[in-house]
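Structural features, examined
What follows is the residue order along each chain.
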Amino acid sequence: MGESLGHRIPRLAHCGGVDHIYIHHPNEIAQSEAAEGLKLANIWMHGEFLTVDGGRMGKSQGNAYLIDDIVKRGFDPLSFRYLCLNSHYRAKVNFTWIAIEGARTALERLREHVRNYKLVGAKAASGKILTEVKNAFVAAINDDLNMPQALAVVWDLLRSDKNPSDKLVTILDFDKVLGLGLSAVEPEKDAEAPREVQDLLSQREAFRKQKQFKDADRVRDQILAHGYEIVDTPQGPKLRKKS
């Protein structure tokens, strides 16, 4: 093999499905260790099965979905990634269209936080990684790759009152592991709303200045009924087309 066995080192980890535990991986161990005279791996990680609607996935059942099938239903493939991240690799993941809809909603909420940080002027370049939060995130990953707990750390940070720039740079750092494409999320430009909606926004601001908050909320609901939502920023209220 072009190198002495004395300089070869075992892989840190070897992965596979739980169905490989009793046959495939013992065969790999026997073949590799007999050939190289070294331990094949220090860590073995066996992922549980993906089920569909609580049962086995398979072509014979007609439920062997591909990523293309998810895309054809209008889902971002990253919604499926989020669904998987929300389960521990040792636990079965039950795929249902309701479950991936929930994952899509959670992912969009996560993106919305990133958009809003950028909308209020938060900049990753001016922020600092929150060490205590990152330590909790890394601890979750080091705890047998506990990604659901890592996501919980993310949501705790989003709900916190930390500086937006610090939250942004920390979240983007976490996304190097999560792989949810958060660095590509950009704030939307002001929507070109019809004059009627812009007038309603002006009315709402007038009510707020007069501390007539019930009337302001009523006008906000009228704006929502027109398909627009209001994002309050330090630079003033912004209109955005509802997704």
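Residues numbered from 1 in each chain as written. Predicted model: local features only at pLDDT ≥ 70, side-chain atom pairs only at ≥ 80, totals over all residues. Heavy atoms only, no water.

**Details of the pattern of salt bridges**
- Taken as a whole, this structure holds 16 salt bridges when the rule is applied.
- The partner of Asp173 in a salt bridge is Lys134, and the shortest N-O contact between them spans 3.0 Å. Taken as a pair, Asp173 in helix H7 (residues 164-178) and Lys134 in helix H5 (residues 131-142) lie far apart in primary sequence, 39 residues in all.
- Bridged by salt links that share partners, the residues Glu108, Glu112 and Arg115 form one connected network. (Salt bridge = Lys/Arg side-chain N within 4 Å of Asp/Glu carboxyl O. Helix = DSSP H or I, 4+ residues; strand = E, 2+ residues; numbered from the N terminus.)

**Quick word on a nonpolar patch on the surface**
- Residues Ile21, Tyr22 and Ile23 make up a contiguous nonpolar surface patch of roughly 370 Å² in combined accessible area.
- Here Ile21 lies in the loop between strand E1 (11-17) and helix H1 (24-36).
- The exposure class of Ile21 is partly exposed, given its relative accessible area of 32%. (Patch = residues over 30% accessible without salt bridge, like charges linked within 9 Å, V, L, I, M, F, W, Y side chains within 5 Å. Areas by Shrake-Rupley, 256 points an atom, 1.4 Å probe, with all protein chains shown as cover. Buried < 20%, exposed > 50% of the residue type's maximum accessible area, 1.4 Å probe, protein only.)

**Structural notes on the environment of Arg220**
- If you trace the backbone, Arg220 turns up in helix H9 (residues 213-225).
- The exposure class of Arg220 is partly exposed, given its relative accessible area of 32%.

**As for helix H8 (residues 195-209)**
- Given a rise of 1.5 Å per residue, 15 residues ought to cover 21 Å, and the 21 Å separating the end C-alpha atoms of H8 matches this to within 8%.
- Of the positions making up H8, those classed as buried are Val197, Leu200, Leu201, Arg204, Glu205 and Phe207. In an axial view of H8, the angular spread of the buried residues amounts to 160 degrees, which keeps them on one side of the axis. Residues Arg195 and Lys209 are exposed on H8 and point more than 90 degrees away from its buried face.
- A positive backbone phi angle near 60 degrees is found at Lys211, which sits one or two residues after H8. (Expected span 1.5 Å × (residues − 1). Arc of directions from axis to C-beta.)

**A few points about the environment of Tyr89**
- With respect to the helices, strands and loops of the structure, Tyr89 is situated in the loop between helix H3 (77-85) and strand E4 (93-95).
- Overall, the relative accessible area of 17% leaves Tyr89 in the buried class.
- Along the backbone, Tyr89 and Glu48 are 41 residues apart, and their C-alpha atoms lie at a distance of 6.1 Å.
- The residues contacting Tyr89, other than those within four sequence positions of it, are Met45, His46, Gly47, Glu48, Asp144 and Leu145.
- A distance of 2.5 Å separates polar atoms of two side chains, one belonging to Tyr89 and the other to Asp144. (Contact = heavy atoms within 4.5 Å. Polar contact = N/O pair within 3.5 Å; in protein donor to acceptor, adjacent residues only side chain to side chain.)

**Topic: the nonpolar core**
- Counting residues in each nonpolar core, the largest one holds 37 residues, and the members touching the most others are Tyr82, Leu110 and Leu178.
- At the level of elements, H3, E4, helix H4 (97-119), H5, helix H6 (147-159) and H7 are the ones that each hand at least two residues to this core.
- Apart from the residues lying within four places of it in its own chain, the contact partners of Leu178 are Arg81, Leu85, Phe137, Met147, Leu151 and Val154.
- Among the nonpolar cores identified, the runner-up in size contains 11 residues, and Ala193, Leu200, Val219 and Ile230 belong to it. (Core = buried A, V, L, I, M, F, W, Y, C linked by side-chain atoms within 4.5 Å.)

**Considering the packing of H4 against H6**
- Taken N-terminus to C-terminus, the directions of H4 and H6 make an angle of 40 degrees; their axes are 11 Å apart at the nearest point. With respect to their mutual orientation, H4 and H6 come out oblique. Handedness of the crossing formed by H4 with H6: left-handed. Mapping the contact onto sequence places Ala106, Arg109, Leu110, His113 and Tyr117 in H4 and Val154, Trp155 and Leu158 in H6.
- The residue inventory of the contact of H4 with H6, partitioned by class, reads six nonpolar, one polar and one charged. (Axes fitted to C-alpha atoms, helices over the stretch in contact; angles between N-to-C directions. Parallel < 35°, antiparallel > 145°, perpendicular 65-115°, else oblique. Left-handed = near helix turned anticlockwise from the far one by under 90°. Nonpolar A, V, L, I, M, F, W, Y, C, P; charged D, E, K, R; others polar.)

**What to know about the side chain of Asp166**
- Mapped onto the elements of the fold, Asp166 is located in helix H7.
- Given the relative accessible area of 9%, Asp166 is considered buried.
- One polar contact links the side chain of Asp166 to the main-chain amide nitrogen of Lys128, over a distance of 2.9 Å.

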